[in-house]
Amino acid sequence: MSEKGYYFVGFFVSMFIYMAIAAISKHAGIPGVETLAQLLITLALVRIFPESDPGLGWGHRALRVLSLTSLGLCAVWTFGFWIWTTHSSSFDWQWMVILPVLGILVVTPWFEEKLVRHLLLHSIDGLLGRLVSTLVVSVLFAYAHKGVMIWAFIVSITLCWLRYTFKAKTAHCVIVHGTINAYVMLLYMIW
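Residues numbered from 1 in each chain as written. Predicted model: local features only at pLDDT ≥ 70, side-chain atom pairs only at ≥ 80, totals over all residues. Heavy atoms only, no water.

**Digging into the environment of Ser-52**
- Along the chain, Ser-52 falls in the loop between helix H2 (33-48) and helix H3 (60-86).
- Counting along the chain gives 117 residues from Ser-52 to Lys-169, while the straight-line C-alpha distance between them is 9.4 Å. (Helix = DSSP H or I, 4+ residues; strand = E, 2+ residues; numbered from the N terminus.)

Rendered as structure tokens:
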């Protein structure tokens, strides 16, 4: 089996394990198990599927790219958040209360970036090409974020663009993803 085939299998096995644990913990009423499952699966995936190529690296260029991407996405969110809150009578705050802060800022971004933009994106780009793979991955990512689908689609397109254009690695995307999550959480808390 090719490396991309292993990525594809790794993606589906990880999702199956995570969904099974999430369903069992929800049924049993045990809080925090989903975040712990994400953490353990992510640690296993980082070990099983390492990224050895330095890609974007960690120099001044990486700092500029990641900072500008994060700031741009925060600006888009601010504009969208303003439109959403001023033109909507019902607003879903529940997710912020349910998920622990650590999960939102660190564990979930690592879990999602490793699964979605490392394993899934790179397993299908050889079959469908970069553009179609980016769209497929972004639609799936948006679907998983039902309360903010359009926003999640924009973020996913941007993170896929970072992966392809700047050879950003999972850690680079996690920084942007975690920064966005922190910013969104801060807006929810102060608005």
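There is more to say, and it comes next.
**Some remarks on the layout of surface pockets**
- In this structure, the second largest pocket encloses a volume near 350 Å³.
- Forming the walls of the second largest pocket are 15 residues, and the residues nearest its centre are Glu-51, Asp-53, His-122, Arg-163 and Lys-169.
- Those elements giving two or more residues to the lining of the second largest pocket turn out to be helix H1 (3-28), helix H5 (101-128) and helix H7 (149-165).
- Examining the composition of the lining of the second largest pocket, we find that three residues originate from one element, H1, more than from any other.
- Per-class residue counts for the lining of the second largest pocket are four nonpolar, three polar and eight charged. (1 Å grid on protein atoms, 1.4 Å probe; cavity = no way out; pocket = protein on both sides within 12 Å on 5 of 7 lines; lining within 4 Å. Points joined across faces, edges and corners; volume = space filled by probe spheres on them. Nonpolar A, V, L, I, M, F, W, Y, C, P; charged D, E, K, R; others polar.)

**Digging into the pattern of salt bridges**
- Throughout the structure, instances matching the rule amount to four salt bridges.
- When the shortest N-O distance is used, the salt bridge between Glu-51 and Lys-114 registers 3.8 Å. Of this pair, Glu-51 sits in the loop between H2 and H3 while Lys-114 sits in helix H5, placing them 63 residues apart in sequence.
- Among the residues examined, Glu-51 registers a relative accessible area of 26% and is labelled partly exposed.
- Residue Arg-163 is joined to Glu-51 by a salt bridge in which the shortest nitrogen-to-oxygen separation is 2.9 Å. Taken together, the positions of Arg-163 in helix H7 and Glu-51 in the loop between H2 and H3 put the pair 112 residues apart, joining distant regions of the chain. (Salt bridge = Lys/Arg side-chain N within 4 Å of Asp/Glu carboxyl O. Buried < 20%, exposed > 50% of the residue type's maximum accessible area, 1.4 Å probe, protein only.)

No statement about biological role is implied by the geometric values presented.
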